[in-house]
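So the chains spell out like this:
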Amino acid sequence: MINEFQMPTKIVSGAGCVREAVREVKLFNSRKVLIITDPGVNKTGLPASVADHLRAGEMEVGVFDEVESDPGIGMAANAGEAAKAMQADVMVAIGGGSSIDTAKSAALLVTNGGHLKDYAGVGKVGTPTLPLIAIPTTAGTGSEVTVFAVMSDPANNEKFTISSPFMAPRVAILDPEVTVGLPPLITAFTGMDALTHAVEAYASAIAQPATNALAIHAVKMILDNLPVAVFRPDNINARENMMQAALLAGVAFSNAYLGLAHAIASPLGGHFHVPHGLANAVMLPYVMEFNLPAAVGRYAEIAKMLSLGGPNDHPRALADKAVLAITALAQDIGIPKQLRDVVGAKEDFLPLVAHDAMKSVQLKFNPRIATEQEILGMLHKAF
Ligand SMILES: [Zn+2]
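Residues numbered from 1 in each chain as written. Predicted model: local features only at pLDDT ≥ 70, side-chain atom pairs only at ≥ 80, totals over all residues.

Enquirer: Would you take a moment to explain the overall build of the chain for this structure?
Expert: What the chain contains, in helices and strands, is 14 helices and 9 strands. In summary, the chain has a C-alpha radius of gyration of 20 Å against a globular reference of 21 Å for 383 residues, a match within 12%. With the C-alpha coordinates of the chain rotated into their principal frame, the extents come out at 65 × 45 × 40 Å. A total of 383 residues make up the chain; the buried ones form 55% of that total. (Helix = DSSP H or I, 4+ residues; strand = E, 2+ residues; numbered from the N terminus. Rg over C-alpha atoms; globule rule 2.2 N^0.38 Å. Buried ≥ 20, exposed ≤ 12 C-beta atoms within 10 Å, placed from the backbone.)

Enquirer: Would you mind showing me how to read the packing of helix H6 (residues 184–203) against helix H7 (residues 209–231) here?
Expert: Packed helices, taken two at a time, are described by the angle between their axes plus the distance between the axes. Interhelical geometry of H6 versus H7 gives an angle of 160 degrees and a closest axis separation of 8 Å. With respect to their mutual orientation, H6 and H7 come out roughly antiparallel. Classified by chirality, the crossing of H7 by H6 is left-handed. Along its contact with H6, which presents Pro184, Thr187, Ala188, Gly191, Ala194, Leu195, Ala198, Val199, Ala201 and Tyr202, the element H7 presents Thr211, Asn212, Ala215, Ile216, Ala218, Val219, Ile222, Leu226, Ala229 and Val230. Split into classes, the residues belonging to the contact of H6 with H7 amount to 16 nonpolar, 4 polar and no charged. (Axes fitted to C-alpha atoms, helices over the stretch in contact; angles between N-to-C directions. Parallel < 35°, antiparallel > 145°, perpendicular 65-115°, else oblique. Left-handed = near helix turned anticlockwise from the far one by under 90°. Contact = placed C-beta atoms within 7 Å. Nonpolar A, V, L, I, M, F, W, Y, C, P; charged D, E, K, R; others polar.)

Enquirer: What is the right way to look at the pairing of strand E8 (residues 158–163) in this model?
Expert: Consecutive side chains of a regular strand alternate in pointing toward one face of the sheet and then the other. Of all 6 residues in E8, 5 are buried, a share of seventy percent or more. As defined by bridge partners, strand E5 (residues 121–122) adjoins E8 across 2 bridges and the pair is classed as parallel. Note that in E8 the partner of glycine 121 across the bridge is isoleucine 162. The turn joining strand E7 (residues 148–153) and E8, which pair antiparallel and follow one another in sequence, is formed by 4 residues; a positive phi near 50 degrees is taken by asparagine 157. (Pairing = 2+ DSSP bridges.)

Enquirer: Help me out: how do you make sense of helix H5 (residues 97–112) in this one?
Expert: A rise of 1.5 Å per residue sets the reference length of H5, with its 16 residues, at 22 Å; its end C-alpha atoms lie 22 Å apart and thus fit the reference within 8%. With 15 of its 16 residues buried, H5 lies for the most part within the structure. Positive phi shows up at glycine 113, right after H5, with a value of about 65 degrees. (Expected span 1.5 Å × (residues − 1).)

Enquirer: How do you make sense of the packing of H6 against helix H8 (residues 236–256) when you look at a structure like this?
Expert: Between H6 and H8, whose axes approach to 8 Å, the crossing angle comes to 40 degrees. Judged on the interaxial angle alone, H8 and H6 are oblique. Between H6 and H8 lies a crossing of left-handed hand. Between H6 and H8, the residues in contact are Gly191, Ala194, His197, Ala198, Glu200 and Ala201 and Met242, Ala245, Ala246, Ala249, Gly250, Ala252, Phe253 and Ala256, respectively. Taken together, the residues of the contact of H6 with H8 break down into 10 nonpolar, 3 polar and 1 charged.

Enquirer: Got a minute to help me understand unusual backbone geometry in this structure?
Expert: For residues other than glycine, phi is negative in most cases, and the peptide bonds are mostly trans. One non-glycine residue, asparagine 157, lies in the positive phi region at around 50 degrees. Here asparagine 157 lies in the loop between E7 and E8. Classification of asparagine 157 as partly exposed rests on a count of 17 C-beta atoms within 10 Å. In the Ramachandran plot, tyrosine 257 falls in the positive-phi region, its phi being about 60 degrees despite a non-glycine side chain. Tracing the backbone through its elements, the reader meets tyrosine 257 in the loop between H8 and helix H9 (260–272).

Enquirer: Looking at this structure, how should I read the sheet that holds E8?
Expert: Consider a sheet: its strands pair through backbone hydrogen bonds, and that pairing is either parallel or antiparallel. Read from one edge to the other, the open sheet built from 3 strands follows the order E5-E8-E7, with strand pairing classed as mixed. Two strands in the sheet have a free side with no partner beyond their single neighbour: E5 and E7. The sheet contacts of H5 involve E7 and E8, and relative to E7 the element is tilted by about 95 degrees.

Enquirer: Even after reading the chapter, I still don't get the sheet that holds strand E3 (residues 60–64), so can you show me in this structure?
Expert: Within the open sheet, the 6 strands sit side by side as E1-E9-E6-E4-E2-E3. Their pairing is parallel. Two strands close off the open sheet at either side, each with one partner strand: strand E1 (10–13) and E3. With direction set aside, neighbouring strand axes in the sheet form an average angle of 20 degrees. Pairing geometry for E1 and strand E9 (residues 171–174), over 4 bridges, is parallel. Note on E9: the bridge partner recorded for isoleucine 11 is alanine 172.

Shown next, in the form of structure tokens:
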């Protein structure tokens, strides 16, 4: 097997580092900057403060604050038009995965033109996109370092992924102080998304030493820090560790891809608008249980990393402990055990979800091949 590993994004991190945004923008010799954000983040005043710093640095600044959750093709087109109208030469995304993925897609449209769906799939972006600086306000998606953008196609309730090295932000600015105001439930959902990235990348059929090192370290950091970040939102140390862990998991899955939990989370989001992190969080224990026979060695390594079990434990016993630990974490931080308790999820639609999950590119990286029937069985069990 031939391995490939890429990490095109410069990382700036540390408490208070959001003030470095101006310096990073200046490195691109930028004159005109478009900030992409959502109304909720805009209300916190963070985008306005970044804009003030940029204006003080003699840059013209526009703010596009219309991003919604599950952003679609139209949202990306509107953001791209806003960038063209002011002739922006750099974009700054401030927010969660929705804002960063919208900015990635808009940056793509500005330099490549056409329709966003033309670029769905792997390697279809021909020209470098407008430089993008990502300032995540959640610790979860890893979008600040991934080569992907996940966007919605409202016409058929589907999500699609654009994958290209050009989609990676040029700079990621990780400031834990900007995540302190995040409500506990959002911290829990996004943190479980990061955990799912780490676990799926670690068990991926194309995992390699570089992705394994990042992914398993991310698993440990998340198990150690997520409950603290949920229950003590002001704990900067836990927030910082969660941001770093989400980033490590992001780099890992940018190269090793994901698996069955993400294949199922995508149609759960597309059909029921279940938040991405919540969909993964509910499904991860069921997916790990299904994958276990094919991933004993991988899950046993996770258990050892978490110091579960003794040195003489059989790998199968260790693997079971890894699944139990992750299931317990999800419950501890308030993730529903069953899909029925998730707003929007409907049992009648499960066959459609299973059908759509089969279309996911992530399935081929799952450690165990799953049939549509098996996915439907898992969904019924989870419901
Ligand atoms: Zn995810």
